[in-house]
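# Geometric and topological summary
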Number of protein chains: 4
Amino acid sequence: MSSLTTNLSDLYIQVRDQTVALCDSLEVEDMLLQASPFVSPIKWHLGHTTWFFETFILKSLEPSYVSINPLYEHLFNSYYHSIGTPYKRSQRSLLSRPTQKEVMRYRTSIDEIICHWINTLEQLPEAQAYQLTSLLQLGLNHEQQHQELMLTDLHYNFSHNPLLPTYQTLHKPLEESKPILPLTFIETPPQLTEIGTDTTSTTFCFDNETPKHGHYLNGFALATRPITCAEFIEFIESDGYHRPELWLDEGWHHVQNEHWTLPLYWTKSNGQYHHFSLHGFLPIAQTAPIHHISFYEADAYARWAGMRLPSEQEWEFIARNRPIKGQFIDNQIYTPLPLRQFETSLSETFALFGGTWEWTQSPYSAYPGYRQTLDPLGEYNGKFMSKQMVLKGGSCLTPLSHIRPTYRNFFYPHERWQTMGFRLAYDLEDK
Amino acid sequence: MSSLTTNLSDLYIQVRDQTVALCDSLEVEDMLLQASPFVSPIKWHLGHTTWFFETFILKSLEPSYVSINPLYEHLFNSYYHSIGTPYKRSQRSLLSRPTQKEVMRYRTSIDEIICHWINTLEQLPEAQAYQLTSLLQLGLNHEQQHQELMLTDLHYNFSHNPLLPTYQTLHKPLEESKPILPLTFIETPPQLTEIGTDTTSTTFCFDNETPKHGHYLNGFALATRPITCAEFIEFIESDGYHRPELWLDEGWHHVQNEHWTLPLYWTKSNGQYHHFSLHGFLPIAQTAPIHHISFYEADAYARWAGMRLPSEQEWEFIARNRPIKGQFIDNQIYTPLPLRQFETSLSETFALFGGTWEWTQSPYSAYPGYRQTLDPLGEYNGKFMSKQMVLKGGSCLTPLSHIRPTYRNFFYPHERWQTMGFRLAYDLEDK
Amino acid sequence: MSSLTTNLSDLYIQVRDQTVALCDSLEVEDMLLQASPFVSPIKWHLGHTTWFFETFILKSLEPSYVSINPLYEHLFNSYYHSIGTPYKRSQRSLLSRPTQKEVMRYRTSIDEIICHWINTLEQLPEAQAYQLTSLLQLGLNHEQQHQELMLTDLHYNFSHNPLLPTYQTLHKPLEESKPILPLTFIETPPQLTEIGTDTTSTTFCFDNETPKHGHYLNGFALATRPITCAEFIEFIESDGYHRPELWLDEGWHHVQNEHWTLPLYWTKSNGQYHHFSLHGFLPIAQTAPIHHISFYEADAYARWAGMRLPSEQEWEFIARNRPIKGQFIDNQIYTPLPLRQFETSLSETFALFGGTWEWTQSPYSAYPGYRQTLDPLGEYNGKFMSKQMVLKGGSCLTPLSHIRPTYRNFFYPHERWQTMGFRLAYDLEDK
Amino acid sequence: MSSLTTNLSDLYIQVRDQTVALCDSLEVEDMLLQASPFVSPIKWHLGHTTWFFETFILKSLEPSYVSINPLYEHLFNSYYHSIGTPYKRSQRSLLSRPTQKEVMRYRTSIDEIICHWINTLEQLPEAQAYQLTSLLQLGLNHEQQHQELMLTDLHYNFSHNPLLPTYQTLHKPLEESKPILPLTFIETPPQLTEIGTDTTSTTFCFDNETPKHGHYLNGFALATRPITCAEFIEFIESDGYHRPELWLDEGWHHVQNEHWTLPLYWTKSNGQYHHFSLHGFLPIAQTAPIHHISFYEADAYARWAGMRLPSEQEWEFIARNRPIKGQFIDNQIYTPLPLRQFETSLSETFALFGGTWEWTQSPYSAYPGYRQTLDPLGEYNGKFMSKQMVLKGGSCLTPLSHIRPTYRNFFYPHERWQTMGFRLAYDLEDK
C-alpha cells in the first residue's frame, strides 16, 4: 500500500472518528434535538455525512451498488433535488428511527466499503482513482463542516432547556492573560489584485472559491484585530439596539420583531453580562472577540463607529500571506478565548483565523468565471448564492485543517447561532 | 395493614406499572418525539404524571416537602397556571434532559414516598386520610388518561416517519368473525330524566360529571351500533369530502385547508383502503367502527344520511343500564376490532363502550349547578369548557376500569388523532 | 292593491331606504374600508343585500331571469357554496369596481323589479305568493342584520385611523339622568318549559329558533339588569386581566396573545377611561351597560363575581313576557346609553332588549328537532353551529322591529367588535 | 425672475402635474386599493410625495413652519424613522380620511408654498439656494419614482378584481412591425474602468450611484437585446418551472410555495398566452421583452441557456456611451412594446433603456467609498442595501428624464410586480 493510500486512509478514519468523538459526552436523547428548522439533530448529521459518501461515491463508483436502506436516500438527503425529494427539513427530530445505534451501524458499514475502495485505489484506472480521491476530499471537507454544525446546533438546542445542559465542563476559567492591543488599522493603497483559487489548483477547495480572477481594490484600511466583547458592550450601552438610524432596514425589523437587545445567548443581570456556552453559563470574557451576532448587528456597530465592514476581497488580500494560526476545534475549548491567547509574534495579532468567523460586507455571489456543474454536486454551493453574506476565517469550532484564506463561508445576515463576529474597515479617502 | 390500604397500594402500583409497561417495546429516541404541539413526548408524560402526584399530594400533605428537582415543577407542569408558568408546550421535545433514565428515577422516588403515605394512611386523621384517598384516585385516573394519550401521541408521531415504525406486531390478522348487524335504532319517548353524577357519590368521577341534574329529553332514536368503516367508505365514494353543503362552515375550512379526503392515517391505493396503525400498515377492517375522524366528518356523514349525532344526554340515558363491555386497552390490541367481536348477548350489540370514542353533538360545557373549585385542581377540567365537543364511551386504548356512562371526554371538533368514531340518532317526530 | 301588498311594499321600501340612509354622512372612501377579514366594506354590504334579493327571489321566481352582471353572483356571494364559490372574503376591499355609484344603480334596478313583483303579488298562485312573501321577509330581516353590521364594521374600520373619524356628532353629552338600581336577582324554581318558536308560527323567525321544544330549567336566578361599565372597571382594577385562574383556557390565550387589558376601543389615561365610539372619542358612561367585550371577558367577570352567565333558555324564559323596549338603532344614538334611560315602569328595569347584546353561556347549536333545509338558504344559519356562543336581546344598533325573545344571535367567543355585554346568573341551590 | 428660477418652477409644476394627470381616468375608490403591504394606495402616494416636500424642504427651510395637519407627518411617512414612527405600511388602505379631495387640497397648499420659495430663490443666501435647489431636485426625482410605483401598484391591485378593470384602453393593437433581430453578443476584453458618478457632479444623481470608483472588468460578452416573450415561452415549455436544478434554492422555494408556472399576470389557455395589463387582457406580444418576472426566473432562464445575468458594472460599461432612447412613460403605452419599435439605427438595437427594467446578478450594496449621510435623508437609499438586487435601464413606466446609465434601481429577488425583464451575458473565457 502506497503512502498516498495510507495517508488518505488515515485521513478518512481520523475525520470520521472525530465526528463520532464529538458525541462522546452526549446522551442518546441529546442527539435527537432540533429546536428550529435551521438546526439538525446530531443523529441526522451522523447519518447525512455517511449518506454523502454512500450517495456520491459508492453509488457513482458502482452502478450496481445496493443501498443499505433505500429509504435512507430520502431521510438523509439534505437538499439535493437532483437525487430526489429530501425528507422535510423541519421534521428531522421526528426520526426516532433509525435509532442512534442503527445510524452508527450505517456509518460502520459505509466506512468499511469506503476503506476497501481506498485500499484498492492504486488498482483503479487513473481517471477513476483521481475522481475517487477528489470525491473523498470533498466528503471529508463536508464532514468537517458538519462537525462545526453539530456543535453550533447542539449549543442552540441546549439553550432551550431551562436546565442549561453543558456540553463539556471547563476545568479552568478563561483567564485574560494578556492586555488587549489598541485597535489599529493597516492601510492598503488602491491596486489591482487577484482573488480566489485557480481551477487547476491541486489543493482542495470548494467550487465557490474559483476561479482566480482580477479584482481592483480601492484604497482601504483593515483593523488589526476583531471587535471585542468589551467594545461591543459600549455599543449596547450607548443604546445601539434602540437607534433605528444605525441599522439596515431589514436589520431593524429583526431588532423589533425578535426583541434583540443583546447578542444571542447573552443575558444581563445586575449590570453583569453572561452567556450560555457549550461550557455552561459563563461571564463574558471582555477581551474575547464578540460572538453570536448577526451581520446586522456587526453592520450597525460599524455605522455607529463611523466605519464599515471589510469586503471579502479586502479580508482575503490581507490574510493570504499570514500564518493560519488561532483557536480551532483542535484546541477543545468551544467558546472564543480572549484575543492574544495564541500570539507569539506581532504578525499574529491580526487574529484573522479561528476564534470567530468574521462577517464581511460582501453578499455571497458567484466569482467572475464561476461555473456551477450540472451534476448533483453542483447543488453543493452555487444554489445558495442569494441573500446570504460571506464570512471569513473560521472559528473555535472549525478544524484547523479545514480553513484557508480563500475559504468562503456564508450565512443569512440575520443568523446568529454560528460563532460569528467581525472586524472594522474604512475607505482610505475617508481619513 | 387493612385491606383498604392494601387495595389502594395495589391499585397504585398496578396503574403506575402499567404506564411504564406501555414503553417496554420503545427505543429511548421514540420517547422524545413530538410531531405537533398537541401531542407530548412519552418521556414528558412519564414525568408529568409523576409531577401530578408530587405537586398535588406530596406538596400539599407536607408543607416542608422538598422537590426532587425544583425545575421539574416548571418542566412537567402541563397547564396549571396557579402552580406557575408552565414550560412551553410546543417545546417539550427539546427536553433531552432530564433523560429517560432520570425521569424513571424521578418516578421511582415519588412512588416510594407515595407508597409510604398509603401505608400510613390509617394513622392519619380521618379528614386527611379522606383527602389523600381522593387525591390518589384523581392521580390514578389522571394517569390512566395519560396512558391513552401516550399511545395516541406515539401513533401520531410515528406516522411522520417514512419508515412507519410499528408499536407492536399483530400476530394474527383481524378476522371479521361475525357478520355485522343491520343498522337499527332504539326509540325513546319524550321524558324528564336525570343526567350526571351526584356530588355525594362515593365512586370516583371527575368534577365535570357533576352534579346530577334534571334534563328533558325530547323524543329520539339512537343507533344500536356505531357507523362502520364500510359505511363510511360509502360516504367517501359518494364524494362526501367534496360537497360543501354537507359540512359545517368550520369543517369545510378544514377540508379545504388541510386537504382532507380520507380519515386520518388512511390511504387509498388501487381502490383499496389501508391505514397506518400502532400495529403498522393494515387493510381497513370493513366492520370495525370508523376511527380517526373529526367531529366535522361525523357531522357531515350524519347530514348526508339525513340524521344527526346524538346529544351526550341521549347517549348517557341509553348507556347507563348496559354492561361496560367492549374492546379496551386491557385487550392489548391497539386498533378498533370489527364490531361483534365482544358480544355474547343481543344487548351487547350496542357497542357503546370501548372500540372508539363516540362524538356527540354536545358542546362541552358546564352542567347546571357545576362549580369549578378555586384551588389549582379547579383548572383540571373546567377551564376547557369552550369550543370543544363531548365524546362518550372510551376506546380500545382506554383502560376498562377508567370508563363509565357519565364519563365526559372532550376534544376540539377538528381533532382526529384520538380513536374517534360516532353513531347516528334522529328526532322522533322526524319519522 | 290590497293593504297586504301595500304594507309589504312600504316595508320593503322602508327597510331598503334605511340601509342607504345609514350611509348619508359617509365619504365614498369610507365605504371601501376593510380592516380585517371579519368585517366587510359598506359598499359590499350594499351590494350583498341586493344580491340576496336577486339570487333568492328573482332567480327562483323567474328561471329565465338574466343577471344585471353575472360576475356580481361571485363578488357579492357571502358564503353560499350551493350558489358557487364566493369571492375571497378577506379581499372585499380590493373591489374598487363596481363603484359606489354602480352598486347604487344595482340596488335601484333590483328594487324596481322586486317592487313590481310585490305589486303583482295578488295575481300569483297562492303557493308562489306565499313563497315570495316568506322570502321577502327573510330578505328584509337579512337586510336589517346587515344594517347593524354596517355600523359595527365601520366602527372597527374607523378605529384604525389615527384621525379617529366620527360617524355622527353627538349634540348633547350622555347624561346619567337616573341613579343605577342595585344589582338584584329574580329567582325561578325548577320547571319544565318550552323554548323556541313553533314551525307553524305565522310570525317571521329564523330557522334556528325552531322548533318549539321541551326544556327543563333547573332552578336559577337572573340579574335584573346587565353589568355596568363602573362594575366592570372594578374587575379591571382588581387585576382581572392578569389572573389566569379567572379565565377559560382559550380566553387566557387571547388575553396574552392580543394583550387584552381593557374592553375593545377603550383607553385609560391618567386614571380616566375613554372609548372610541361612532360618536368619536368619549368618556365612559359609568352606568351604561358594559360593551365591546368578548364572551371570555364576560365569563371571567362572572367567575370573579362567584356567579356565571345565564343560559339562553334562562334568558328567553325571563324575557318572553316582558315588553320589547330599550335603546335601538331607531333612537339614532349609536353607543349604549346609561341604563334606566328608557324605563317608565319597574318591569322595564330588566333592560333585556336593546343597549347591548348579552352573551349567554350557551354554545350555539341545533334545537332538538331542528332540520336544516337542503336548498341554498339552508346555509343561512345552520352551518355556523360550531364554536360560537348565543347572544340575546339586541343592541343600540339593532332595529326594534328585528328583535324578539326567541332571537338567537351568535358570535365566536373571542369576538368583541359587536356591541356586546352580559348579565349575571346563578344556580338556585348555590345560595 | 431668472431663467433658472423659471425652469425650476416649470419643472416643478410639470412633474407635480404629471402625477395628478396619471389619476385622470381613475375612480375615487381605485385610489384606496392596497392588495398587499408591498403596494400602496394611489391616494397615499399623492399624500406621501407632498409630505416629502413639506418635511424635507418646508420644515427644514423654516423652523417655525406649521404643518397643515400634524398627523400627516405620521400618516404619510414611508420609512423615515429619524422623522418619527411611520403609520403601519400594511394598513394604508385603512385611511379613508384624509379623503382624496383633502389630499388634493394638501398638494395644492404645499405646491403654493414651494412655488413661492422657488420664486424667491434668488433672494436667498447662496448656500440656502443651493440646498433648496438640491432638495427640489431630489423631491422631483422622488416624485418620478412614485409615478412609476403608482402605475405598477395600481396594476397589481386591479389584478385582484375579477372584473379586470382597465387603466386605459389601447386604441390600436400592439403590432409587431419589424422582425426581431437574432440574439448576438458584444464582447468586452478585461480592463480596469470606473463605475458610478463623481460626488462633485453637478447633474442630479442618487447617493447610491456615488462615488466614482475603480472596478476591474474580467472579460465578458453582453447580449445586444433583452430576452423576448417568445424566448421565455421556450423555457416555460421546456419545463423550466419544474426543474429544481435550474433554480437558486430560494427561488425554488418561491416556485413551490407560490405555485409559479408563468410570469406574473400571465395565463395560458388553449395553448395561447395572455397577460393582464394596464390596457386590460391582451395576447402576449412575442417580440416584446419578457416582463413581470423575478430575479429567480431570470437567473433560472440564464442557467437553462448556459449563460448568466450581467453584473451591474458590465451593464453600465456598455450603456454609458449609448443614447437614452426607448419606450418610456412619456409614450403613454403602459405595457412593453415589441422590441425594435423605437430603433432608427443599429446602435439602438441594444434596447438598454426603457421597455423593461433589467435584472443584474449584482446584489445591491454600497460602492467603495459610499457614505450614507446621518440626516433623515440618509435613510432614502442606504438602509436597503441588504438582500436586494440591482436593476438597470428603466421601463415603459419610467419618465425618460429620470433615467441614466448609472441609475441603480433595486428590488427583492422574488418580486415581480414591477416591469422587470433581463438580458444574458457570459464570461469571455467560457466560449
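The present account deals with the structure reproduced in this document.

### Section: the interface of chain A and chain B
Between chain A and chain B, the contact holds 30 residues from the first and 30 residues from the second. Contact between chain A and chain B buries roughly 2500 Å² in total, counting both sides, with carbon and sulfur atoms accounting for 64%. If you sort the residues of chain A by the area they bury against chain B, Glu29, Leu94 and Arg97 of chain A come out on top, with a joint share of 28%. The interface formed by chain A and chain B contains four salt bridges. Here Lys43 of chain A makes a salt bridge to Glu29 of chain B, at a shortest N to O gap of 4.0 Å. If you look at where chain A meets chain B, you find 10 residue pairs in polar contact (both at pLDDT 80 or more). Looking at the side of chain A that touches chain B residue by residue, the class counts come to 14 nonpolar, 11 polar and five charged.

### A few points about the sheet that holds strand S4 (residues 220-223) of chain D
Residues and elements named next belong to chain D. One open sheet accounts for three strands, arranged S1-S4-S12; its pairing is antiparallel. Strand pairing shows two members of the sheet lacking a second neighbour, strand S1 (185-188) and strand S12 (425-427), which therefore form its edges. When the angles between neighbouring strand axes are averaged without regard to direction, this sheet yields 20°. Relative to S12, S4 runs antiparallel, the two sharing three bridges. By the bridge assignment, Ala221 is partnered in S12 with Tyr426. Across the face of the sheet, helix H9 (residues 312-319) comes into contact with S1, S4 and S12 while running at roughly 70° to S4.

### Quick look at the side chain of His402 of chain B
Tracing the chain through its elements places His402 of chain B in the loop between strand S9 (389-392) and strand S10 (409-411). Engagement of the side chain of His402 of chain B in a polar contact is seen with the side chain of Tyr407 of chain B, the distance being 2.6 Å.

### With respect to unusual backbone geometry
With an omega dihedral of -5°, the bond running from Arg97 of chain A to Pro98 of chain A counts as a cis peptide bond. On the secondary structure map, Pro98 of chain A appears in the loop between helix H3 (72-75) and helix H4 (100-119). Of note, the bond from Thr210 of chain A into Pro211 of chain A is cis; its omega dihedral lies within 30 degrees of zero at -10°. Summarising the element assignment, Pro211 of chain A is placed in the loop between strand S2 (191-195) and strand S3 (213-217). For Gln332 of chain C, which is not glycine, the phi dihedral falls at a positive 60°. With respect to the helices, strands and loops of the structure, Gln332 of chain C is situated in the loop between helix H9 (312-319) and strand S8 (357-363). Even without a glycine there, the phi angle at His259 of chain D is positive, about 55°. For His259 of chain D, the location among the structural elements is in the loop between helix H7 (249-257) and strand S5 (266-269).

### Digging into the relation of the copies chain A and chain B
With an axial shift of 0.0 Å and an RMSD of 0.0 Å, the rotation relating chain A to chain B amounts to 180°. Put plainly, the chains are arranged around a two-fold axis. Within chain A, Glu29 of chain A has its C-alpha nearest the rotation axis, a separation of 3.0 Å.

### Considerations on the relation of the copies chain D and chain A
For the pair chain D and chain A, the superposition axis carries a translation of 0.0 Å, the fit reaches an RMSD of 0.0 Å, and the rotation angle comes to 180°. When you check the interface residues of chain D against chain A, 100% turn up at the interface there too, and the contact is symmetric in its surfaces.

### Points about the arrangement of the chains
Structurally, chain A and chain C remain out of contact, their C-alpha atoms never closer than 14 Å. Taking C-alpha atoms only, the smallest gap left between chain B and chain D, which are not in contact, amounts to 14 Å.

### Considering the interface of chain D and chain A
Contact with chain D, which involves 37 residues of that partner, is made by 37 residues of chain A. Summing the contributions of chain D and of chain A, the shared interface buries around 3200 Å²; its carbon and sulfur component is 53%. Summed over the three residues of chain D that lose the most area to chain A, namely Asp249, Glu250 and Lys387 of chain D, the buried surface amounts to 18% of that side. Applying the counting criterion to the chain D and chain A interface returns zero salt bridges. Connecting chain D to chain A are 14 residue pairs in polar contact (both at pLDDT 80 or more).

### Observations regarding the sheet that holds strand S6 (residues 272-277) of chain D
Adjacent strands of a sheet form backbone hydrogen bonds with each other and so pair up, either parallel or antiparallel. Residues and elements named next belong to chain D. If you trace the three strands from one edge of the open sheet to the other, you get S5-S6-S7, paired in antiparallel fashion. The open sheet has two free edges, formed respectively by S5 and strand S7 (280-283), since each of these has just one partner strand. Shown here is a sheet whose adjacent strand axes are inclined to one another by a mean of 30°, direction ignored. By the bridge criterion, four bridges tie S5 to S6 in an arrangement that is antiparallel. Across the sheet, the residue bridging to Thr267 is His274, located in S6. Its contacts with the sheet put helix H6 (residues 229-237) on S5 and S6, and the angle it makes with S5 is roughly 65°.

Cut-offs used in this document
Residues numbered from 1 in each chain as written. Chains lettered and ligands numbered in written order. Predicted model: local features only at pLDDT ≥ 70, side-chain atom pairs only at ≥ 80, totals over all residues. Heavy atoms only, no water. Contact = heavy atoms within 4.5 Å. Buried area = accessible area lost by both parts, 1.4 Å probe. Salt bridge = Lys/Arg side-chain N within 4 Å of Asp/Glu carboxyl O. Polar contact = N/O pair within 3.5 Å; in protein donor to acceptor, adjacent residues only side chain to side chain. Nonpolar A, V, L, I, M, F, W, Y, C, P; charged D, E, K, R; others polar. Pairing = 2+ DSSP bridges. Helix = DSSP H or I, 4+ residues; strand = E, 2+ residues; numbered from the N terminus. Axes fitted to C-alpha atoms, helices over the stretch in contact; angles between N-to-C directions. Least-squares fit on C-alpha atoms with pLDDT ≥ 70 in both.

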